[in-house]
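Single-letter residue listing:
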Amino acid sequence: MKKIPIARILLTLFFAALLATPWMVRHLSSPAKPGTNAGAQAALDRYGFSLQEVSHAAGVDFVHQAPTLDTKLDGIMPEIASMGASVSIVDYDRDGWPDIYVTNSAIGSKNHLYHNNHDGTFTDVADELGIADVNQPGTGVSMGAVWGDYDNDGYEDLFLIKWGKPELFHNDQGKHFTRVSDQAGLPPWINANAAVWFDFDRDGKLDLFVAGYYPEDLDLWHLRSTRMMPDSFEYAKNGGRKYLFRNLGNGRFEEVSAKAGIDSRRWALACAAADLSGTGYPDLFIANDYGVSELYINDHGHFHEAGKETGVGFAPKSGMNASFGDIFNQGRFSIYVSNISEEGVLIQGNNLWVPQAGTVLKYENMARELGVELGGWSFGAQFGDFNNDGNLDLYLTNGYISLDRQRSYWYDFAKVAGGNSSIIGDAQNWPAFNGRSLSGYQQKRLWLNDGEGKFVDVAQAVGATDIYDGRSVALADLWNSGALDIIVANQRGPLLIYKNTVAPDNRWIEFSLEGTKSNRSAIGAEIALYWDGKEQLQQVSGGSGFASQNDRRVHFGLGKNPRIEKAVIHWPSGTIQTLDSLSPDRLYTVKEPR
Amino acid sequence: MSRPATQANQTSPRTAPESRSAGGTALADRINPFLPPIFITLILLVGNLSFGILESYSKTLLAIATAIAAEMVMGRIFLRKWPHPASAYITGISVGILLRSPAYWPYGLCSAISITSKYALRFRGRHIWNPSNFGICAMLVLASQAVASLSIQWGNNFASLIVIWVLGAVIVWRARRLHITLTYVTCFIALSFLRAQIVGDPWQAEISPITGPMYQLFIFFMITDPKTTVRSRIGQSVVAVAIAVLEFFFRLNSCIYAPLYALFWVGPAALLIEMAIDSRRKRLVDADTVFEQRAARA
């Protein structure tokens, strides 16, 4: 018998061990599975909260209708018409209860404004208030909505994001909305999916940033050519332009993007603003599809793009979300960007950009380390403390196109997407969908922050069990109960309201801010809450996530038996206000000192 | 399998140094051994500086460092000498470009599997898989939850495509292997039209993959690797046709990584056939020699 050297035996064993490594990594790195929904009480006992989907019981039976575009796109219509479901939260009538605005996207379909009846039910009042019939032929269709009091009259006004004619509606004291788009000076057509209200020049008046997706000269219902796709799936720069509308204060806006240093034709899908650089001026983060993210640093009203130098704009992915959260309770915002992950096909991984220590603004992607990297074909996400334990958790919705469960479009997608721009840029060159799915029927993620640097997915266990094609997520304490509820808009699917029940031991505190020198919506105001030796930073947002906006009221979980030291409010005007003697389980209404 | 050092040169009909046997070393056999590494580094740098193609420099450096370290250690143990690092460098850089993962570990692991496969999977003293092809296929199958291969990169524009095709063509032409590339490309295009007829998709969709970046590495560095291709020019062309044909069937079955998997199966099969033919010839030659010696004695 031939003698086999020991070295060769060891080599063979070593090789086998290498091949077995992925299996070991998979089993060692996968967190303990929380399992399926074991019931509300079990979830309350184990995780401190449970969710119940109550939309029908609450009187909300909204089902989103997708747009039907030019027939030249019929073959890939499911892909092109894959967005438009959105949800934003507003207390439009200032009754102290959050209301829900939801967009529809078929020509002739109506948007809905669900008024909160204070008893757990909602009534659609969009029609009578004049903001329902906004998808009329020739005007395009709705893609999202953001609310801000641009004229500081105390009532939140509505900017409607469209593939079509962008619309601004003035809120007439909660009794009616008046279309003021023409007076405001908005352009005739923008194909946008993202916008945010913010006061970029800190003049006390809300400005508006709108991020185009398709080029603005494209009428998706009357295409001159089918060459309307991105020219690259990682480096596309043939998308829509960006608009920065500076509020002139007389109901008019001036478009100043070029003057302010914003010049991009990337395919933006999400944007959000916050003072990330600590200058007092709000910076602007844009998550782009088919490319890198952009971070515009605001230097006293003038922006410069700092994606590469800060680390967030290096690896091109498919950005579809931008949300901020102080996940380590360190007084600084991390940024969550959703991307695409499909096992065996495309593993982009979502990004969690965590600011690094030091004076220079630099981010490190820690999504993998913290366990929030893989979320399927991810869309909207929001940070919120769902179990009031004092740590910000993360809800992510996902799922792209759910059609035939058995047949996938992924092969055809990958086949064309890697090709030359002359091929991929023409919709006619793409194989027809023919009813196939593309990353459909996906389970959602609700990552619970353990406060020690790990997030664990408990979505199934606590009751977030839907598998619709999720797009937009908004958070609000709809029942004024001290618990953050989750509202999800699904493409071609129902609006879901996950009512949150939190174990009573964990306490909370909420703040409702009103600016005086600052914009009256207080958008951009930061609240740093200090309790039990911890510090958590949150802000009033003018839009975040994917095509969504959370309630302007800011919610903090405090954990058990909290001792609150103080809350420090940094108003956009620069005023710093400190609140002492705060008690848990209360909503504080705070007006900016004059 | 047998010990690759001295026995390898006795049993293998080929005598190219073991240290130059990784994917893409066609050029190392025939022209300046530093030219292929320089070329692929240029591709990497141009691509990354213009488009940022890499997940990160650090991941690619990890892939390269792992490949070179593995090559040095195994070369020292099994070949009893320090191998030239050019081959391992190319393997590492191919892994760094072709593999896509947000994690670090797949890059190191893929390089380690690639290099180790050269030493662990041998037949009659030869490794029969292109190392980076083997490593990437292994990762795609075994670690699908963590990796994908490059499918969308390089800006999808003509400028980068033409530059790389011209440079690549010059290099493989100098290495006298341009016929492999041209045969494969011709077959791919012809079969694309056939596939378009069969599945009813636009022909542009079927052609699309070869206009993308993955194929540029595939046709210039993987299928031309001399240590894992057959010797004769006709044989090499036949193998290129066979790869394209198998890929054709994989694609009809919606296999996303069809070319990589086609090479994975066809490459070793072709080498085994060649070795069998060589062995048969050698036996015949030996028999003739014995016969002639006996005849001479008689």
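Residues numbered from 1 in each chain as written. Chains lettered and ligands numbered in written order. Predicted model: local features only at pLDDT ≥ 70, side-chain atom pairs only at ≥ 80, totals over all residues.

Looking only at helices and strands, chain A has 11 helices and 40 strands in total. Whereas a compact globule of 594 residues would reach a radius of gyration of roughly 25 Å, chain A reaches 24 Å, a difference of no more than 12%. Judged by the C-alpha coordinates and their principal axes, chain A covers about 95 × 65 × 50 Å. (Helix = DSSP H or I, 4+ residues; strand = E, 2+ residues; numbered from the N terminus. Rg over C-alpha atoms; globule rule 2.2 N^0.38 Å.)

Moving on, we get to the overall build of chain B. A tally of regular secondary structure across chain B gives 13 helices and 4 strands. Counting across all 298 residues of chain B, residues that qualify as buried make up 56%. (Buried ≥ 20, exposed ≤ 12 C-beta atoms within 10 Å, placed from the backbone.)

Residue and element names in this part refer to chain A. One open sheet holds the 4 strands; their spatial order is β14-β15-β16-β17, and the pairing between them is antiparallel. Both edges of this open sheet fall to β14 (267-274) and β17 (302-305), since each of them pairs with a single strand only. Sheet twist, expressed as the mean angle between neighbouring strand axes with direction ignored, is 25 degrees. Bridge count for strand β16 (residues 294-299) against β17 is 4 bridges, and the pairing is antiparallel. Each bridged residue has a counterpart across the sheet, and for Asp 299 the counterpart in β17 is His 302. (Pairing = 2+ DSSP bridges. Axes fitted to C-alpha atoms, helices over the stretch in contact; angles between N-to-C directions.)

Attention shifts here to the sheet that holds strand β30 (residues 470-476) of chain A. Residues and elements named next belong to chain A. Within the open sheet, the 4 strands sit side by side as β1-β32-β31-β30. Their pairing is antiparallel. Two strands in the sheet have a free side with no partner beyond their single neighbour: β1 (49-53) and β30. Within the sheet, the average angular offset between the axes of one strand and its neighbour, ignoring direction, is 20 degrees. Sheet topology note: the β1/strand β32 (residues 496-502) ladder contains 5 bridges and is antiparallel. Considered in β32, the bridge of Gln 52 is made with Lys 499. Each of β1 and β32 touches helix α2 (residues 40-47); the most contacted strand, β1, lies at about 145 degrees to it. (Contact = placed C-beta atoms within 7 Å.)

In most cases, non-glycine residues show a negative phi, while peptide bonds are predominantly trans. Residue and element names in this part refer to chain A. Of note in the backbone geometry, Ser 439 takes a positive phi value of approximately 50 degrees without being a glycine. Take Ser 439: it is sitting in the loop between β27 (436-437) and β28 (445-449). By C-beta crowding, Ser 439 is classed as buried, having 23 other C-beta atoms within 10 Å. Of note, Ala 547 is a non-glycine position whose phi angle comes to about 50 degrees, a positive value. As for its placement among the helices and strands, Ala 547 is situated in the loop between β35 (534-539) and β36 (548-549).

In this section: the interface of chain B and chain A. Listed by partner, the interface residues are 47 residues for chain B and 47 residues for chain A. Going through the elements one at a time, α4 (57-79), α6 (105-120), α7 (131-142), α8 (158-174), α10 (203-207) and α11 (213-222) of chain B are the ones with two or more residues in the side of chain B that touches chain A. With 7 residues, α6 of chain B is the largest single contributor of residues to the side of chain B that touches chain A. Looking at the side of chain B that touches chain A residue by residue, the class counts come to 27 nonpolar, 16 polar and 4 charged. (Nonpolar A, V, L, I, M, F, W, Y, C, P; charged D, E, K, R; others polar.)

This part is about the nonpolar core. By size, the foremost hydrophobic cluster in this structure holds 260 residues, and its most contacted members are Ala 194, Ala 195, Phe 209, Cys 271 and Val 462 of chain A. At 9 residues, helix α13 (residues 258-297) of chain B tops the list of elements feeding residues into this core. Counting contributing residues, this core receives three or more from each of domain 1 (54-149) and domain 2 (158-298) of chain B. Apart from residues no more than four positions distant in its own chain, Ala 195 of chain A is found in contact with Gly 144, Val 146, Phe 159, Ile 161, Leu 208, Phe 209, Val 210, Ala 211 and Gly 543 of chain A. (Core = buried A, V, L, I, M, F, W, Y, C linked by C-beta atoms within 7 Å. Domains from an automatic or database assignment.)

Helix-helix packing is described using two parameters, namely the angle between the two axes and the distance between the axes. All names here are of chain B. In the contact formed by helix α5 (residues 86-98) and α6, the axes pass within 9 Å of each other and the chain directions differ by 140 degrees. Considering the angle they form, α5 stands oblique to α6. In the crossing of α5 with α6, the sense of the turn from one axis to the other is right-handed. Contacts from Ala 88, Thr 91, Gly 92, Val 95 and Gly 96 of α5 reach α6 at Tyr 107, Cys 110, Ser 111, Ser 114 and Ile 115. A breakdown of the residues in the contact of α5 with α6 according to their chemical character gives 5 nonpolar, 5 polar and no charged. (Parallel < 35°, antiparallel > 145°, perpendicular 65-115°, else oblique. Left-handed = near helix turned anticlockwise from the far one by under 90°.)

This part is about the pairing of strand β6 (residues 140-148) of chain A. Within a regular strand, the side chains alternate between the two sheet faces. Residues and elements named next belong to chain A. Along β6, 9 of the 9 residues are buried, which leaves the element largely enclosed by surrounding structure. Bridge analysis of β6 against strand β7 (residues 157-164) gives 8 bridges, and the strand direction is antiparallel. Within β7, the residue paired with Trp 147 across the bridge is Leu 158.

In this section: the domain arrangement of chain B. Residues and elements named next belong to chain B. Here chain B is partitioned into domain 1 (54-149) and domain 2 (158-298). Each of domain 1 and domain 2 has a C-alpha centre, and the two are 21 Å apart. At the junction of the two partners, domain 1 supplies 18 residues and domain 2 supplies 17 residues. Contributing elements (two or more residues each) for the side of domain 1 that touches domain 2: α5, β3 (126-127) and α7.

Next up on the list: the environment of Tyr 441 of chain A. Residue and element names in this part refer to chain A. Structurally, Tyr 441 can be placed in the loop between β27 and β28. Separated by 40 residues in the primary sequence, Tyr 441 and Ile 401 place their C-alpha atoms 7.9 Å from one another. When sequence neighbours within four positions are dropped, the list of residues in contact with Tyr 441 reads Gly 399, Ser 402, Arg 405 and Ile 467.

Taking 1.5 Å per residue, 23 residues should reach 33 Å; α4 of chain B reaches 31 Å between its end C-alpha atoms and fits that length. Positive backbone phi, approximately 60 degrees, marks Arg 80 of chain B, located one or two places after α4 of chain B. (Expected span 1.5 Å × (residues − 1).)

Residue and element names in this part refer to chain A. For Asp 124, the position within the fold is in strand β5 (residues 122-124). Note: C-alpha distance between Asp 124 and Asp 99 (25 residues apart in sequence) is 9.8 Å. Leaving out residues up to four positions away in the same chain, Asp 124 has contacts with His 112, Leu 113 and Tyr 114.

This brings us to the pairing of strand β19 (residues 334-337) of chain A. Residues and elements named next belong to chain A. A two-sided burial pattern is seen for β19, the buried positions comprising Ser 334 and Tyr 336 on one face and Ile 335 and Val 337 on the other. One ladder, built from 3 bridges, connects strand β18 (residues 323-325) with β19; its direction is antiparallel. Within β19, the position partnered with Ser 323 by the bridge is Tyr 336. With 3 bridges joining them, β19 and strand β22 (residues 351-355) adopt antiparallel strand pairing. Its bridge partner lying in β22, Ile 335 is registered against Trp 353.

Further remarks concern helix α1 (residues 6-29) of chain A. With 24 residues, α1 of chain A ought to run about 34 Å at 1.5 Å a step, and its terminal C-alpha atoms sit 33 Å apart, in line with that. In the structure, α1 of chain A departs most strongly from a straight axis at Ala 20 of chain A, where the bend amounts to approximately 40 degrees and where the proline Pro 22 of chain A lies between one and four residues downstream. (Bend = angle between axes of the 7 residues up to and from the residue.)

Before going further, it helps to spend a moment on the packing of α1 of chain A against α6 of chain B. Orientation of α1 of chain A relative to α6 of chain B, taken along the N-to-C sense of each, is 155 degrees, at an axis distance of 10 Å. Between α1 of chain A and α6 of chain B, the angle falls in the class roughly antiparallel. Pair α1 of chain A / α6 of chain B crosses with left-handed handedness. Together, Leu 11, Thr 12, Phe 14, Phe 15, Leu 18, Leu 19, Thr 21 and Val 25 of chain A of α1 of chain A and Trp 105, Leu 109, Ala 112, Ile 113, Thr 116, Tyr 119 and Ala 120 of chain B of α6 of chain B make up the contact between the two elements.

Looking now at the confidence of the model for chain B. Residues and elements named next belong to chain B. In this model, chain B carries a mean pLDDT of 83, and residues with pLDDT of at least 70 account for 83%. Per-element confidence in chain B is highest for helix α9 (residues 178-199), whose mean pLDDT is 97, and lowest for helix α1 (residues 6-11), whose mean pLDDT is 32. Residue range residues 1-29 is modelled with pLDDT below 50. Its contacts to residues more than four positions away, or to other chains, number 96 contacts. Here the prediction assigns the complex a pTM of 0.91, and the interface score ipTM is 0.87. (pLDDT = per-residue confidence, 0-100.)

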